Amino acid sequence: MRKQLLVLMTFVLSFATAFAQSGVVQGRLLDAETGEGVFGASVLVVGTTKGAVSDVDGRFRIANLSGNVTFRISYIGYDQITIERTVSGDIDLGDIELVPNVIALDQIEVIASVAEERKTPVAISTIKAIQIIERASNQEFPELLKSTPGVYATKSGGGYGDSRINLRGFNSENVAVLINGVPVNDMENGRVYWSNWAGLTDVTQSMQVQRGLGASKVAVPSIGGTINILTKTTDAKKGGYFSASTGNNAYSKLSFGLSTGLTEEGWAVTLSGAKIQGDGFVDGTWFEGYNYFFNVTKQINNNHILSLTGFGAPQKHGQRESRANIQYWRNAPEPLKWNPDYGILGGEILSVEDNFYHKPQFSLNHYWTINDKSELSTAVYASYGTGGGGGNLGFSNITAPRISGTYSPIDFDALVAQNEANVDGSASVALRASRNDHKWYGVLSSYSNEINNNLKLLVGADLRWYKGIHFREITHLLGAEYYIDNSDVNQPNKAVRVGDKYSYYNDGIVNWTGAFGQLEYTKDKLAAFFSGAISNTGYKRVDYFNYLDSDPNQTSDVQNFIGFQTKGGVNYNLTANHNVFANLGYFEKAPIFDNVFQNFVNDVNPDAENEKITSYEIGYSYRSAVFNANVNLYRTQWKDRAFIRSLRGAGGEDFFANLKGVNAIHQGVEVDFVYSPSTNFKATGMVSVGDWEWQNDLLGVEVFDGQTQIDGPFDLAIAGLKVGDAAQTTAAFGIEYNIVPDVKVSIDYNYYANLYAQYDPLTRRTTDVGQGTADESWKLPSWSTIDLRLKYDFKFGDFDATLFGNVNNLLDTEYIADAIDGSNHNAASSSVWFGQGRTWTGGLRLNF
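Residues numbered from 1 in each chain as written. Predicted model: local features only at pLDDT ≥ 70, side-chain atom pairs only at ≥ 80, totals over all residues. Heavy atoms only, no water.

Peer 1: Before we go on, may I ask you to explain the overall build of the protein chain in this structure?
Peer 2: Across its full length, the protein chain carries 7 helices and 52 strands. Against the 2.2 N^0.38 benchmark of 29 Å for 848 residues, the protein chain shows a C-alpha radius of gyration of 28 Å, consistent with a compact globule. The C-alpha extent of the protein chain, read off along each of the three principal axes, is 95 × 60 × 60 Å. The buried share of the protein chain, reckoned over its 848 residues, is 56%. (Helix = DSSP H or I, 4+ residues; strand = E, 2+ residues; numbered from the N terminus. Rg over C-alpha atoms; globule rule 2.2 N^0.38 Å. Buried < 20%, exposed > 50% of the residue type's maximum accessible area, 1.4 Å probe, protein only.)

What follows is the structure, encoded as structure tokens:
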């Protein structure tokens, strides 16, 4: 760690002379449509490293200029403009209007619940398109947020799209993810599968993390927070780009984008696409992916805009799913790269664990300006997912035959020979895939009305229908002719071939009906809101294998759960620089699908109930032209966490017991800042300290089947145990510096500590009633990494060109990023994944 800090300090000191004084040229930047000041815009003196960033009122000031000067003013979402002046003393450029270059941006941000600084009383961090372009490299959405307070993101097993993210200690089931305001958390289990969206960084306009309650008006599982992704819509200006990049392990990516701009007839079209492929840093994690995006917008008149958007990212990639103890990895020739989950068949790589998926999403948006006080925004959307994840059948990845020893690929030719020895042609080993296809339709509509100058009402509806289609299929028979499966009661002892369903086949159907409302009050320095949302979640299960087609129980009854949320907050701007805010909320979350239907059949859990969450937060912010800072304190209490234990009943039947009354507390403090004394230097930093733990024990638990006690008494001794699977202490520091006007170098330092291995609280069960003590999960060693970026802007004929390079984990630090707690709660017994070593990408982007 000292080595890393030395590198960082050297970088800082080498640019200690970069600070420029404020000056005598001033002006104010205004939105041409709203007349409001534009905060954070860049005002650059062309040919120099001098410049400024506009403050909260849109004002800027630059020092020591004389002679003929050209100012270049730019900000995401607005046309870039150039102003030439002869400066011979103090000069005031006056009010300068910036024209938005994105059609219907305001309406999109309303339906997407984008939070506003110094107005919306929630803790937010926003990453703009230019930052995403510069940082994306070979990183995915979660990793782009790793320097955000409260965020812990890893690559998990290291496969393409397999990243995960925790926010304030909560996993993706409890972090709402919205794309253009549309929820994308799985309708059955709440999870977010980032591989569905891998590659869409190319078409992201902004990504906003709303920590805690968030600003979303619809009922979403924002316990830890909300990740709000806005894709590009349609550019009002004609243009496009082409980009090509390469990197470690045969990484390559080609992408393009085209925009017609807004025609005189009111039409505008934007298209983009990309192909990405590589071998992967981890052995056997090859990948091939594509992404596409289109938007067609028709500005019918001043009051109506119609917009059709579609995007998707089909991909397939090898995975690493097996975890093992530290010594197993260290014994490998290349510990960070070794993967036991792939092999060789006929000289070609064949992955046991792989993933393939395509989830296109299409939406038709109508924006209606009813009058100068009222607007109606409606999105009708559809998504169709197809794909799944591979796995083994009849063998273990770890103990499978190897080509040349423990740390060599699986010998699939040996497994083929094993099948060929079966005289009846049946398979004793094979490869399979667990499929999770789905159809998803929804309508999201929001009506807003400015009741008066101070009061605004917003109401809306959120309607969704989802059908998940779950089954396993044979993907490779490894030399056999068929596999015998006895899972389907309608076709027992069925000969299954490639593409046929086996093991299980069922549908999960979810009906969601929701309504929401919000009242906003603004007057002078005060902004406040109160919102409420209610939803009914209806679950139905259809099981085609465990029930005869003639059995009416093949289709379950609909199980309905009413969920709701209510929250409010206040922001007060003390001065032009200082503001404080507070928010408070309570909501009840419907149980997930698998907690309602027990034992993977249509048996209904009669005791399934909502989980209850209370959250409150206070914050302080400081804003100026050169320095911004935020301090947030939060506390979230999660009551009645759902824990279900599988047991054998008195009559020999299997059933689940609900363990109720388990509570958790997530609380902490977050500090972040941005210091930018000039346009050629910026420093950023953050510290996040969490205290996340289980709040109480369950004592003397007894489980009965009718009058018969079948388990207990036992204690669940977890009070005071730290919540695992995410670093509770994180810190980051970054610097961006323009060495010369068109060359920028950036360095980011990230630090992680107080990370406890993931564990199931049910493993802390003890029969020593009243005597049990909590066994803390293994605490992983702390670590830090450094990333380096370089960008060079130049003219290439008529093109605005950019050369870029990125090195992640510059010092090739070895660290453990993921762990599952072992039986002895120590390093030796826990199963882990190491983080990735040094990776790099470089490329060229041409804008026209």
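Peer 1: How should I be thinking about the side chain of Arg 432 in this particular structure?
Peer 2: Relative to the helices and strands, Arg 432 resides in strand S27 (residues 430-450). Of the buried charged residues, Arg 432 lacks a salt bridge, with Glu 353 as the closest side chain of opposite charge at 5.8 Å. Polar contacts involving the side chain of Arg 432 include one to the side chain of Ser 434, which spans 3.0 Å. Setting aside its immediate chain neighbours within four residues, Arg 432 contacts Gly 389, Gly 390, Gly 391, Asn 392, Leu 393, Arg 472, Glu 473, Ile 474, Thr 475 and Tyr 502. (Lys, Arg positive; Asp, Glu negative; His and termini not counted. Salt bridge = Lys/Arg side-chain N within 4 Å of Asp/Glu carboxyl O. Polar contact = N/O pair within 3.5 Å; in protein donor to acceptor, adjacent residues only side chain to side chain. Contact = heavy atoms within 4.5 Å.)

Peer 1: Please explain the pairing of strand S31 (residues 501-523) as it appears in this structure.
Peer 2: The side chains of a regular strand alternate, residue by residue, between the two faces of the sheet. Note that strand S28 (residues 455-476) and S31 share 19 bridges and pair antiparallel. Its bridge partner being in S31, Leu 455 is matched across the sheet by Tyr 521. One ladder, built from 18 bridges, connects S31 with strand S32 (residues 526-543); its direction is antiparallel. Bridging across to S32, Gly 508 finds its partner in Arg 541. With antiparallel pairing between neighbouring strands as the criterion, S31 and S32 make up a hairpin whose turn holds 2 residues, including Asp 524 at a positive phi of roughly 55°. (Pairing = 2+ DSSP bridges.)

Peer 1: Explain the sheet that holds strand S6 (residues 81-87) here, please?
Peer 2: Taken together, 4 strands build an open sheet; the order of strands is S3-S2-S5-S6 and the sheet is antiparallel. Of all strands in the sheet, those bounded by a partner on one side alone are strand S3 (51-53) and S6. Here the strands of the sheet are splayed against their neighbours by 20° on average, with no regard to which way each runs. Relative to S6, strand S5 (residues 67-74) runs antiparallel, the two sharing 7 bridges. When the bridges of S6 are listed, Thr 70 appears paired with Glu 84. (Axes fitted to C-alpha atoms, helices over the stretch in contact; angles between N-to-C directions.)

Peer 1: Hey, could you run me through the environment of Gln 131 in this one?
Peer 2: By the element assignment, Gln 131 lies in helix H3 (residues 129-135). Sequence separation between Gln 131 and Ile 786 is 655 residues; the distance between their C-alpha atoms is 17 Å.

Peer 1: What is the right way to look at the pairing of strand S19 (residues 304-312) in this model?
Peer 2: Relative to S19, strand S18 (residues 287-299) runs antiparallel, the two being bridged by 8 bridges. Paired with Gln 299 across the two strands is Ile 305, which belongs to S19. With antiparallel pairing between neighbouring strands as the criterion, S18 and S19 make up a hairpin whose turn holds 4 residues.

Peer 1: Quick question: what am I supposed to make of the domain arrangement of the protein chain here?
Peer 2: Put simply, an interface is often sized by how much accessible area is lost when its parts join up. Domain assignment breaks the protein chain into domain 1 (2-100) and domain 2 (234-455 + 466-847). Distance from the C-alpha centre of domain 1 to the C-alpha centre of domain 2: 38 Å. (Domains from an automatic or database assignment.)

Peer 1: Whenever I open this one, the sheet that holds strand S22 (residues 348-351) confuses me. Can you help?
Peer 2: Across a sheet, strands are paired by hydrogen bonds formed along the backbone, either parallel or antiparallel in direction. Strand order in the open sheet made by the 3 strands is S22-S21-S26, with mixed pairing throughout. Two strands close off the open sheet at either side, each with one partner strand: S22 and strand S26 (410-411). Pairing analysis gives 2 bridges linking strand S21 (residues 342-345) to S26, with the strands arranged parallel. Counterpart to Gly 343 in the pairing with S26 is Ile 410. With respect to the sheet, helix H6 (residues 412-420) is in contact with S21, S22 and S26, its orientation differing from that of S21 by roughly 70°.

Peer 1: Which parts of the structure should I look at to understand the pattern of salt bridges?
Peer 2: By the definition in use, this model includes 32 salt bridges. Lys 146 is the salt-bridge partner of Asp 787, the closest N and O atoms lying 2.6 Å from each other. Here Lys 146 lies in the loop between helix H4 (141-144) and strand S9 (151-154) and Asp 787 lies in strand S48 (residues 783-796), a separation of 641 residues in the sequence. As far as the burial class goes, Asp 787 and Lys 146 line up, both buried. Of the charged contacts in the structure, one is a salt bridge between Arg 168 and Glu 617, with a shortest N-O distance of 2.9 Å. With Arg 168 in the loop between strand S10 (164-167) and strand S11 (175-179) and Glu 617 in strand S37 (residues 611-623), the pair connects residues that are 449 residues apart, well separated along the chain. With respect to class, Arg 168 is no different from Glu 617; both count as buried. Through salt bridges with shared partners, a single ionic network connects Glu 134, Arg 135, Lys 682, Glu 736, Lys 744, Asp 748, Arg 789, Lys 791 and Asp 793.

Peer 1: Got a minute to help me understand the packing of aromatic side chains in this structure?
Peer 2: Aromatic ring pairs are reported here in terms of the distance separating the ring centres and the angle at which the planes meet. Summed over all chains, the structure comprises 31 aromatic pairs. Each ring, one from Tyr 251 and one from Phe 287, has its centre 6.4 Å from the other, and the planes form 50°; the classification is tilted. Placement of the pair is Tyr 251 in strand S16 (residues 251-259) and Phe 287 in strand S18, with a sequence separation of 36 residues. Taking relative accessible area as the criterion, Phe 287 reaches 10% and is therefore assigned buried. Look at Tyr 328 and Trp 329: their rings are 5.2 Å apart centre to centre, the planes differ by 75°, and that puts the pair in the edge-to-face class. Trp 329 matches Tyr 328 in its accessibility class, with the two residues each being buried. Among the aromatic side chains, those forming a connected cluster through ring pairs are Tyr 622, Phe 627, Phe 673, Tyr 675 and Phe 733. Across from the ring centre of Phe 281, 3.8 Å away, lies the NZ or CZ of Lys 337, which sits over that ring. (Phe/Tyr/Trp six-rings, centres within 6.5 Å; stacked < 30°, edge-to-face > 60°. Lys NZ or Arg CZ within 6 Å of the ring centre and 35° of its normal.)

Peer 1: Mind showing me how you'd approach unusual backbone geometry here?
Peer 2: Most peptide bonds take the trans form, and the phi angle of most residues other than glycine is negative. Positive phi outside glycine occurs at Arg 168, with the angle close to 55°. Phi is positive for Asn 809, which is not a glycine, with a value near 55°. The class of Asn 809 is buried, set by a relative accessible area of 4%.

Peer 1: Explanation requested: the nonpolar core in the structure shown.
Peer 2: Across soluble globular proteins, nonpolar side chains show a tendency to be buried alongside one another. Within the largest apolar cluster, 72 residues are counted, with the highest numbers of intra-cluster contacts made by Ile 227 and Trp 694. Residues Tyr 381, Leu 444, Val 510 and Ala 590 belong to the second largest nonpolar core, which totals 23 residues. (Core = buried A, V, L, I, M, F, W, Y, C linked by side-chain atoms within 4.5 Å.)

Peer 1: Even after reading the chapter, I still don't get the environment of Asp 818, so can you show me in this structure?
Peer 2: Within the fold, Asp 818 resides in strand S50 (residues 816-820). Separated by 14 residues in sequence, Asp 818 and Val 832 place their C-alpha atoms 5.6 Å apart. For Asp 818, the residues in contact, after removing those within four places along its chain, are Thr 154, Ser 156, Arg 164, Arg 323, Ser 831, Val 832 and Trp 833. Side-chain polar atoms of Asp 818 contact the side chain of Arg 164, separated by 2.8 Å.

Peer 1: Can you walk me through H6 in this structure?
Peer 2: Owing to its 3.6 residues per turn, the α-helix brings residues three or four apart onto one side. Among the residues making up H6, those that are buried are Phe 412, Leu 415, Val 416 and Asn 419. Buried positions in H6, seen along its axis, are confined to an arc of 105° and lie on one side of it. In the core, the buried residues of H6 are packed alongside S21, S22, S26 and S27. With a side-chain oxygen lying 3.2 Å from the backbone nitrogen of Asp 413, the N-terminal cap of H6 falls on Asp 411. (Arc of directions from axis to C-beta.)

Peer 1: For this particular structure, what's the right way to read a nonpolar patch on the surface?
Peer 2: On the surface, a nonpolar cluster with roughly 750 Å² of combined accessible area is contributed by Phe 242, Leu 254, Phe 256, Leu 258, Leu 271, Phe 796, Phe 799 and Phe 848. The element that contributes the greatest number of residues to the nonpolar patch is S16, accounting for 3 residues. Tracing the backbone shows Leu 271 in strand S17 (residues 267-278). (Patch = residues over 30% accessible without salt bridge, like charges linked within 9 Å, V, L, I, M, F, W, Y side chains within 5 Å. Areas by Shrake-Rupley, 256 points an atom, 1.4 Å probe, with all protein chains shown as cover.)

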